[in-house]
Amino acid sequence: MGLSISSLFSSLGSLVRWSKDQDVRILMLGLDSAGKTTILYRLQYKNIKFQVWDLGGQSSIRPYWRCYFPNTSAIIYVIDSSDQARLPTSRSELLTMLSEEELKGVPLLVFCNKQDVDGAIKPEVISEELGLAGGEKSRPWSVRGSCATKGEGLEEGLDWLVNAIQKT
Ligand SMILES: Nc1nc2c(ncn2[C@@H]2O[C@H](COP(=O)(O)OP(=O)(O)OP(=O)(O)O)[C@@H](O)[C@H]2O)c(=O)[nH]1
Ligand SMILES: [Mg+2]
């Protein structure tokens with residue numbers, strides 16, 4: 001299923017309306033090449049203003065992620081599902097981040113991106129590997145498949161995230 005522009009617009013539009021008096025800062029994080037900027041481009045294409053920080057994922061840059069943690073409304077964490085070799089690294093970067101006091105209770109959306117690639121690991125398997133079901137009780141979270149290049153899965157994920165932000 002492709003990205004429906006109108007419903008993505010309406011879901012983000014409701015967030016924008018709702019957030020008029022609030023600072024909604026969404027962090028987009030993940031290892032390099034996971035697809036963060038591709039996802040952001042899809043969102044910016046709608047020309048909607050809400051603050052998304054797309055932080056580079058190279059290991060040399062990762063220590064600086066924490067500079068952006070204060071006042072975060074939600075986290076979008078992007079994983080390259082076709083990169084089996086780096087899944088453990090991606091997992092440990094995520095868990096390290098989630099242990100930060102400043103991000104306590106902040107809703108987390110994980111995109112298992114690049115689902116279009118042959119042999120991509122399924123979201124259910126990645127979800128299992130991340131182990132959030134056992135350990136993460138302090139925040140709303142959701143692990144979903146996406147294909148950023150085709151825009152698939154983004155709308156559904158954002159719908160979930162908008163809902164989660166509004167509840168916190
Ligand atoms: N096949 C496929 N390729 C994708 C997908 N999403 C992104 N890519 C490609 O993956 C490469 C990296 O994507 P970026 O969006 O630049 O990744 P990034 O997470 O911003 O990487 P850094 O900025 O280095 O941290 C690009 O060549 C994208 O076109 C996807 O869903 N499927
Ligand atoms: Mg990028």
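Residues numbered from 1 in each chain as written. Chains lettered and ligands numbered in written order. Predicted model: local features only at pLDDT ≥ 70, side-chain atom pairs only at ≥ 80, totals over all residues. Heavy atoms only, no water.

A word on the overall build of the protein chain
Then comes step 1: Secondary structure assignment for the protein chain yields six helices and five strands.
Then comes step 2: Ordering the α and β elements of the protein chain from the N terminus gives α-β-α-β-β-α-β-α-α-β-α.
Then comes step 3: When the 168 residues of the protein chain are sorted by exposure, 48% land in the buried category.
Then comes step 4: Considering only residue pairs separated by 6 or more positions, the protein chain has 79% of its internal contacts joining residues 24 or more positions apart.
Then comes step 5: Summed over all atoms, the accessible surface of the protein chain reaches about 8,500 Å², with 49% contributed by carbon and sulfur. (Helix = DSSP H or I, 4+ residues; strand = E, 2+ residues; numbered from the N terminus. Buried < 20%, exposed > 50% of the residue type's maximum accessible area, 1.4 Å probe, protein only. Contact = heavy atoms within 4.5 Å. Areas by Shrake-Rupley, 256 points an atom, 1.4 Å probe, with all protein chains shown as cover.)

A closer look at the UniProt feature "binding site: Mg(2+)" (unreviewed entry) in the protein chain
Then comes step 1: Cross-referencing UniProt, the feature "binding site: Mg(2+)" (unreviewed entry) maps to Thr37 in the present numbering.
Then comes step 2: Relative to the helices and strands, Thr37 is located in helix 2 (residues 36-44). (UniProt positions renumbered as here; feature names shortened; annotations may be inferred.)

Considering the pattern of salt bridges
Then comes step 1: Scanning all chains against the criterion turns up seven salt bridges.
Then comes step 2: Note that Asp32 and Arg62 form a salt bridge whose closest N and O atoms lie 3.7 Å from each other. Remark: Arg62 occurs in the loop between strand 2 (51-54) and strand 3 (74-80) and Asp32 occurs in the loop between strand 1 (25-29) and helix 2; sequence separation between them is 30 residues.
Then comes step 3: Classification of Arg62 as buried rests on a relative accessible area of 12%.
Then comes step 4: Between Lys114 and Asp80 there is a salt bridge, and its shortest N-O distance comes to 3.2 Å. Here Lys114, found in the loop between strand 4 (108-113) and helix 4 (123-130), pairs with Asp80, found in strand 3; they are 34 residues apart in sequence, far enough to count as distant.
Then comes step 5: A network of salt bridges, in which partner residues are shared, links Asp32, Arg62, Asp83, Arg86 and Glu93. (Salt bridge = Lys/Arg side-chain N within 4 Å of Asp/Glu carboxyl O.)

Structural notes on the side chain of Ser142
Then comes step 1: One can find Ser142 in strand 5 (residues 141-145).
Then comes step 2: Owing to a relative accessible area of 10%, Ser142 belongs among the buried residues under this scheme.
Then comes step 3: For Ser142, the residues in contact, after removing those within four places along its chain, are Leu108, Leu109, Val110 and Trp160.

With respect to the site of ligand 1
Then comes step 1: Close contacts around ligand 1 come from 17 residues, with Ser33, Lys36, Thr38, Gly57 and Asp116 the closest.
Then comes step 2: One of the side-chain N or O atoms of Thr38 is found 2.6 Å from an oxygen atom in ligand 1.
Then comes step 3: Taken by itself ligand 1 offers 660 Å² of open surface, and the protein chains cover 69% of this.
Then comes step 4: A total of three residues in the shell around ligand 1 trace back to one element, the largest contributor, which is helix 2.
Then comes step 5: Residue composition of the shell around ligand 1, grouped by class: five nonpolar, eight polar and four charged. (Near = heavy atom within 4 Å. Polar contact = N/O pair within 3.5 Å; in protein donor to acceptor, adjacent residues only side chain to side chain. Nonpolar A, V, L, I, M, F, W, Y, C, P; charged D, E, K, R; others polar.)

Comments concerning the nonpolar core
Then comes step 1: Membership of the largest hydrophobic core comes to 23 residues, with the highest contact counts inside it found for Leu29, Tyr77, Met97 and Val110.
Then comes step 2: For this core, the elements supplying multiple residues, two or more each, are strand 1, strand 3, helix 3 (87-98), strand 4 and helix 4.
Then comes step 3: Take this core: its biggest share by element is four residues, from helix 3.
Then comes step 4: If we skip the residues at most four places from it in the chain, Leu29 touches Lys36, Leu55, Trp65, Phe69, Ile75, Ile76, Tyr77, Val78 and Met97.
Then comes step 5: In this structure, Ile39, Val52, Leu158 and Leu161 belong to the second largest nonpolar core, which totals 18 residues. (Core = buried A, V, L, I, M, F, W, Y, C linked by side-chain atoms within 4.5 Å.)

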